[in-house]
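Close look at the chain arrangement
Each chain is listed here by its residues.
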Amino acid sequence: MKKPFLLLSLFISVTVVAQQKNNFAIIESSDLEKTIIQKAATLTPTASQLRWQQLELTAFFHFGVNTFTGKEWGTGKENPAIFNPSELDAKQWVRVAKEAGIKQVILTAKHHDGFCLWPSKYTSHSVKSSPWKNGKGDVVKEVANACKELGVGFGVYLSPWDMNSPLYGSEEYNDFFVNQLTELLTQYGRVDEVWFDGANGEGPNGKKQVYDFDRWYKLIRKLQPAATIAIMGPDVRWVGTETGYGRETEWSVVPANNLDQSAIAANSQQAIAFKPQGDMMGNDLGSREKILKAKGLVWYPAETDVSIRPGWFYHSGEDKSVKTPEKLFDIYYNSVGKNSVLLLNIPPDKRGLINENDVQSLRGWKQLRDQTFKLNLVQNAIIKASSNKNTNAMLDGKYNTFWIAPVRDTTAILEFELKGTKTFDVLCLQENIEIGQRVERFVFESWNGKAWEKITEGTTIGYKRLLRFEPVTSDKVRLRIVASRLNPSLSEFGLYKQAN
Ligand code: FUL
């Protein structure tokens, strides 16, 4: 007799926890400033957003007719016969990415020129009209299979802009697009990310298309509910540049003024779908000033996309301009180290291989990261904090364990007595975003024997914040969190010495 009751209470408590976790909030006109700040600080990523954030490093493979014409944007009039890679090996692409520490890849299944890397039933402008494998090949399948085999996430880029389709610019194009999207979401197993670009140019008949985003989002949620929808989508936001350099202050919670009730009702609470609107390029997207004026708030984290070469597609003339390991490391600090995920484009060459120059650079980059982050110099430190509970969670290398300040505190001092004198020049901080992003400002100091000296300071932390500074030698450091939207928490704290 007791069982049903027990089950019922278990169900109730699980439901309560689930309701508390939300990745969006509506701001009511009666909400006080304090309530709005509280709402912002308690929004959390959905399960797929959290998984995506923890990947840290993802890659793009731009490949298609442009690889063979030497262009960045095609015209839609390319003859499919030019698509003829001599040694295509998708496993090599995924292996090279994996060896560089990349956890997920996104293939340009169709770029703006409309040429499909899979034999779509809905157009002949695809690999099936090319000489590659006598028209029997499927690049999407080869990449998806390689990802499965090597345990790497798989995503697709499907350009809404299609310069080849005669339907572009009419209502039928939206059906055509849904059909192509359905093929990609049903024929290749699990899809982890769907990437929509915002470009909306003219088609072959000079018309522009009105994209039916809502329909596409519903389809993805239905067919691949765990996939994140990026850029022209509700789960992942464009950081606002293609340089690889993100913002100093990067809030994952930003205003969304078009969270109408119908968008919310049409989707599960955990996977809201809305069209991104407004400025994505400004310096400040999520400060108090911005969120206090918002009608709604959403967990909408930044992705930093950049190419390892000057162009997105492979051009042999750029073989000498592949970004160096040092440049890639600088980009890493400025993307992953600024609360963002890096999406690094590595374009396969005309042979259908990642070029030796790119492989070389990626290896050097991985080595620099491995050497720098192999030893956390705070290991075994004695920690003093306003709340001494769980302080060691910050040093255990496990993201899901964390230290948290007492409930009403919005400041904190964390002091670390190091195991001897150490020399370091990188600070790594990670907030526990599973309870929200909170920290607004912090100062990092070292003890010089007589007084505390400021080493560096920063604003937001979020999932990960990396700061570099001139080498400091000391046996005691402290982090002062001087402003936070709610009681701050830290999952990890690290000090490192950069590789030379
Ligand atoms: C842009 C496109 O126009 C580029 O060709 C590239 O695909 C990049 C990632 O997105 O907007």
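Computed from a predicted structure; not experimentally measured.

1. Observations concerning the overall build of the chain
Within the chain, the regular secondary structure consists of 12 helices and 19 strands. Over its C-alpha atoms the chain spans a radius of gyration of 24 Å, differing by no more than 12% from the 23 Å that the globule rule assigns to 500 residues. Summarising its shape, the C-alpha atoms of the chain cover approximately 75 × 60 × 50 Å along the three principal directions. Counting the 500 residues in the chain, one finds 59% classified as buried. When the accessible surface of the chain is split by element, carbon and sulfur atoms take 52% of a total near 21000 Å².

2. Observations concerning the sheet that holds strand 10 (residues 302–307)
Across the sheet, eight strands lie side by side as 6-5-4-3-2-11-10-7; this open sheet has parallel pairing. What marks the edges here is a single partner per strand, and that holds for strand 6 (228–231) and strand 7 (237–238). Where strand 3 (residues 104–110) meets strand 4 (residues 153–158), six bridges bridge the pair, whose relative direction is parallel. The residue of strand 4 that forms the bridge with T108 is Y157.

3. Observations concerning the site of the ligand
Neighbouring the ligand are F60, H62, W73, H111, H112, Y157, W195, D197, E242, D305 and W312. A distance of 3.0 Å separates an oxygen atom of the ligand from a polar side-chain atom of Y157. Taken by itself the ligand offers 290 Å² of open surface, and the protein chains cover 90% of this. By residue class, the composition of the shell around the ligand is five nonpolar, three polar and three charged.

4. So, the sheet that holds strand 9 (residues 296–299)
Pairing is antiparallel in the open sheet, where three strands are placed in the order 1-9-8. Each having just a single partner strand, strand 1 (24–26) and strand 8 (253–255) make up the two edges of the open sheet. Within this sheet the neighbouring strands show an average axis-to-axis angle of 20 degrees, counted without direction. Its contacts with the sheet place helix 2 (residues 33–42) against strand 1, strand 8 and strand 9, and it is angled at close to 20 degrees to strand 9.

5. A word on helix 8 (residues 213–223)
Buried within helix 8 are the following residues: F213, W216, Y217, L219, I220 and R221. Close packing links the buried residues of helix 8 with helix 7 (171–186), strand 5 (193–196) and strand 6.

6. Focus on the nonpolar core
The biggest cluster of nonpolar side chains holds 82 residues, and the ones touching the most others in it are V139, V143, L181 and F196. When we break this core down by domain, the ones giving at least three residues each are domain 1 (48–252 + 301–373) and domain 2 (382–496). When near neighbours in sequence (up to four residues on either side) are disregarded, V143 contacts F61, A90, W93, V94, V105, L107 and F154. Residues L395, L427, V439 and F469 belong to the second largest nonpolar core, which totals 30 residues.

7. As for the packing of helix 5 (residues 90–99) against helix 6 (residues 139–150)
Relative orientation of the contacting elements helix 5 and helix 6 amounts to 45 degrees, with a least axis distance of 8 Å. Taken together, helix 5 and helix 6 sit at an angle that is classed as oblique. Here helix 5 runs over helix 6; the crossing is right-handed. Residue-level contacts link A90, K91, W93, V94, R95 and K98 of helix 5 to V139, E142, V143, A146, C147, E149 and L150 of helix 6. The residue inventory of the contact of helix 5 with helix 6, partitioned by class, reads eight nonpolar, no polar and five charged.

8. Digging into the pairing of strand 11 (residues 340–345)
Residues in a regular strand project their side chains so that they alternate between the two faces of the sheet. Of all six residues in strand 11, six are buried, a share of seventy percent or more. Inspection of the sheet shows strand 2 (residues 57–61) paired to strand 11 by four bridges, in the parallel sense. Bridged to F60 within strand 11 is N345. In terms of strand pairing, strand 10 meets strand 11 through six bridges, oriented parallel. Bridged to V306 within strand 11 is L344. Each parallel crossover has a hand, and the one from strand 10 via helix 11 (residues 325–335) to strand 11 is right-handed.

About the thresholds
- Residues numbered from 1 in each chain as written.
- Predicted model: local features only at pLDDT ≥ 70, side-chain atom pairs only at ≥ 80, totals over all residues.
- Heavy atoms only, no water.
- Helix = DSSP H or I, 4+ residues; strand = E, 2+ residues; numbered from the N terminus.
- Rg over C-alpha atoms; globule rule 2.2 N^0.38 Å.
- Buried < 20%, exposed > 50% of the residue type's maximum accessible area, 1.4 Å probe, protein only.
- Areas by Shrake-Rupley, 256 points an atom, 1.4 Å probe, with all protein chains shown as cover.
- Pairing = 2+ DSSP bridges.
- Near = heavy atom within 4 Å.
- Polar contact = N/O pair within 3.5 Å; in protein donor to acceptor, adjacent residues only side chain to side chain.
- Nonpolar A, V, L, I, M, F, W, Y, C, P; charged D, E, K, R; others polar.
- Axes fitted to C-alpha atoms, helices over the stretch in contact; angles between N-to-C directions.
- Contact = heavy atoms within 4.5 Å.
- Core = buried A, V, L, I, M, F, W, Y, C linked by side-chain atoms within 4.5 Å.
- Domains from an automatic or database assignment.
- Parallel < 35°, antiparallel > 145°, perpendicular 65-115°, else oblique.
- Left-handed = near helix turned anticlockwise from the far one by under 90°.
- Right-handed = clockwise from strand over helix to strand, strands pointing away.

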